[in-house]
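Chain by chain, the residues:
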Amino acid sequence: MGERHPRVLVFDSGVGGFSVAACIHRALPGAKLVYLADNAGFPYGDQPEQVVIDRCCTLIEQCLQQESCDVIVIACNTASTVVLPHLRAKTEIPVVGVVPAIKPASSYSVNRKIGLLATPATIKRAYLDELIRDFAGDCEVARLGDPNLVRWAEELVSGRELEQALLDEVMLPLHQRGVDTVVLGCTHYPLLLPWLRKSLPDVVFWVESGEAIARRVAHWLEQVGLLAEAKNPEGVSGAVLIAACFTGPAPADIARFLDGMGIPAAEVKSRWPSLK
Ligand code: DGL
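What you see is a predicted model, and the numbers here were worked out from it, not measured in a lab.

**Describing the overall build of the chain**
- Helix and strand content of the chain: 12 helices and 10 strands.
- Here the chain holds 276 residues, and the buried ones make up 55% of them.
- Look at the contacts in the chain between residues 6 or more apart in sequence, and 77% of them connect residues 24 or more apart.
- Taken as two groups, the 26 positive and 32 negative side-chain charges of the chain have centres that lie 2 Å from each other.

As structure tokens, then:
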């Protein structure tokens, strides 16, 4: 019997989840990926909770009807904070979410000063207070929820250069607080890392969630007996990324961007599937 390569559906409001998809691919090169970006609803950080819940659940259901998958990854902190219980109630397929990596950040920080970058919505969620209380109670955590960061990350993928001076200005409060560790609490932010490092040259630890998510995906694939296939890149025919679906127009430079991330797509679909 031929090996069946598992499939993982990665969902985000835009291109940020590709930072997670790339981590999953590095850890599990035998897993096929389907990417779904609700960029017609972007940014989720500005949307009411119910809109995010409805859009995520509807789109993921529609996507699974076309491409069956073994694990669903909500590669978006903003959506994960509200959508996970609703989605889990609708499907038997394991759902992996993402939360800002406060716990590992607290284990790294030497001066006990942590900067948390997230969307304006994530910054305000009550669960974040709990995370900080439970795992970083002895740290000073400076939260920064600037709405421009996700937009700049999207623009990068459309071929627009990021203005370092603008980012420096946004990062000034963290610079002044002297944080030694920064949590990238939004999956778009790893795409900004080369510029973030320049804005905050004294930061020692940059903490993101992609590798932890990849481990969680591996855990679920093990439960369904597909971990060996997921780890084995041999026999994966065609591109690992079966399709990159965007509910709005696909970003102009998407093919070049995906090549750079090491996950070229077999197919890029724009305005999929035209959610009313
Ligand atoms: N990548 C999403 C996150 O991790 C971006 C949120 C947004 O669309 O505002 O939060």
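**Notes on helix α12 (residues 254-261)**
- Within α12, burial applies to Ile 254, Phe 257 and Leu 258. The buried residues of α12 occupy one face: seen down the axis, they fall within an arc of 95°. Among the exposed residues of α12, those pointing more than 90 degrees away from its buried face are Arg 256, Asp 259 and Gly 260.
- Elements that come into contact with the buried residues of α12 comprise α1 (17-27), α7 (148-157), β9 (241-246) and β10 (268-269).

**Quick notes on the sheet that holds strand β3 (residues 71-74)**
- In spatial order, the strands read β4-β3-β1-β2-β9-β10; together these 6 strands make up an open sheet with parallel pairing. Sheet topology places β4 (95-96) and β10 at the edges, where each strand pairs with a single neighbour.
- In terms of strand pairing, β3 meets β4 through 2 bridges, oriented parallel. Bridged to Ile 72 within β4 is Val 95.
- Each of β1 (7-12), β2 (32-37), β3 and β10 is contacted by helix α2 (residues 49-66), which is oriented at about 150° to β1, the strand it contacts most.

**A look at the environment of Ala 31**
- Looking at where Ala 31 falls in the secondary structure, it is placed in the loop between α1 and β2.
- Separated by 199 residues in sequence, Ala 31 and Ala 230 place their C-alpha atoms 4.5 Å apart.
- Each residue touching Ala 31, except ones within four places of it in the same chain, is listed here: Pro 6, Val 8, Ala 230 and Val 240.

**Quick look at the site of the ligand**
- For the ligand, the set of nearby residues contains 14 residues, the closest of which are Ser 13, Tyr 44, Gly 45, Thr 78 and Thr 187.
- In isolation the ligand offers 300 Å² of accessible surface; the protein chains occlude 100% of this area.
- When its residues are assigned to classes, the shell around the ligand shows 6 nonpolar, 7 polar and 1 charged.

**Let's talk about the nonpolar core**
- Ranked by size, the top nonpolar core spans 62 residues in total, and within it Phe 18, Ile 24, Val 73 and Val 217 carry the most contacts.
- The dominant element in this core, judged by the number of residues it contributes, is α7, at 6 residues.
- Among all residues touching Val 73, those that are not within four sequence positions of it are Val 8, Leu 9, Val 10, Phe 11, Val 20, Ile 24, Val 96, Ile 213 and Val 217.
- Listed in part, the 27 residues of the second largest apolar core include Ile 60, Cys 63, Ile 72 and Leu 87.

**Here's the deal with α7**
- Judged by how many residues are buried, α7 sits mostly within the fold: 7 of 10 residues are covered.
- The set of residues buried in α7 consists of Leu 149, Val 150, Trp 152, Ala 153, Glu 154, Leu 156 and Val 157.
- Taken together, the buried residues of α7 touch α8 (164-177), α9 (193-199) and α12.
- Looking one or two residues past α7, Gly 159 carries a phi angle of roughly 90°, positive in sign.

What counts, and where the lines are drawn
Residues numbered from 1 in each chain as written. Predicted model: local features only at pLDDT ≥ 70, side-chain atom pairs only at ≥ 80, totals over all residues. Heavy atoms only, no water. Helix = DSSP H or I, 4+ residues; strand = E, 2+ residues; numbered from the N terminus. Buried < 20%, exposed > 50% of the residue type's maximum accessible area, 1.4 Å probe, protein only. Contact = heavy atoms within 4.5 Å. Lys, Arg positive; Asp, Glu negative; His and termini not counted. Charge placed at Lys NZ, Arg CZ, Asp CG, Glu CD. Arc of directions from axis to C-beta. Pairing = 2+ DSSP bridges. Axes fitted to C-alpha atoms, helices over the stretch in contact; angles between N-to-C directions. Near = heavy atom within 4 Å. Areas by Shrake-Rupley, 256 points an atom, 1.4 Å probe, with all protein chains shown as cover. Nonpolar A, V, L, I, M, F, W, Y, C, P; charged D, E, K, R; others polar. Core = buried A, V, L, I, M, F, W, Y, C linked by side-chain atoms within 4.5 Å.

These results come straight from atomic positions and should not be treated as a statement about function.
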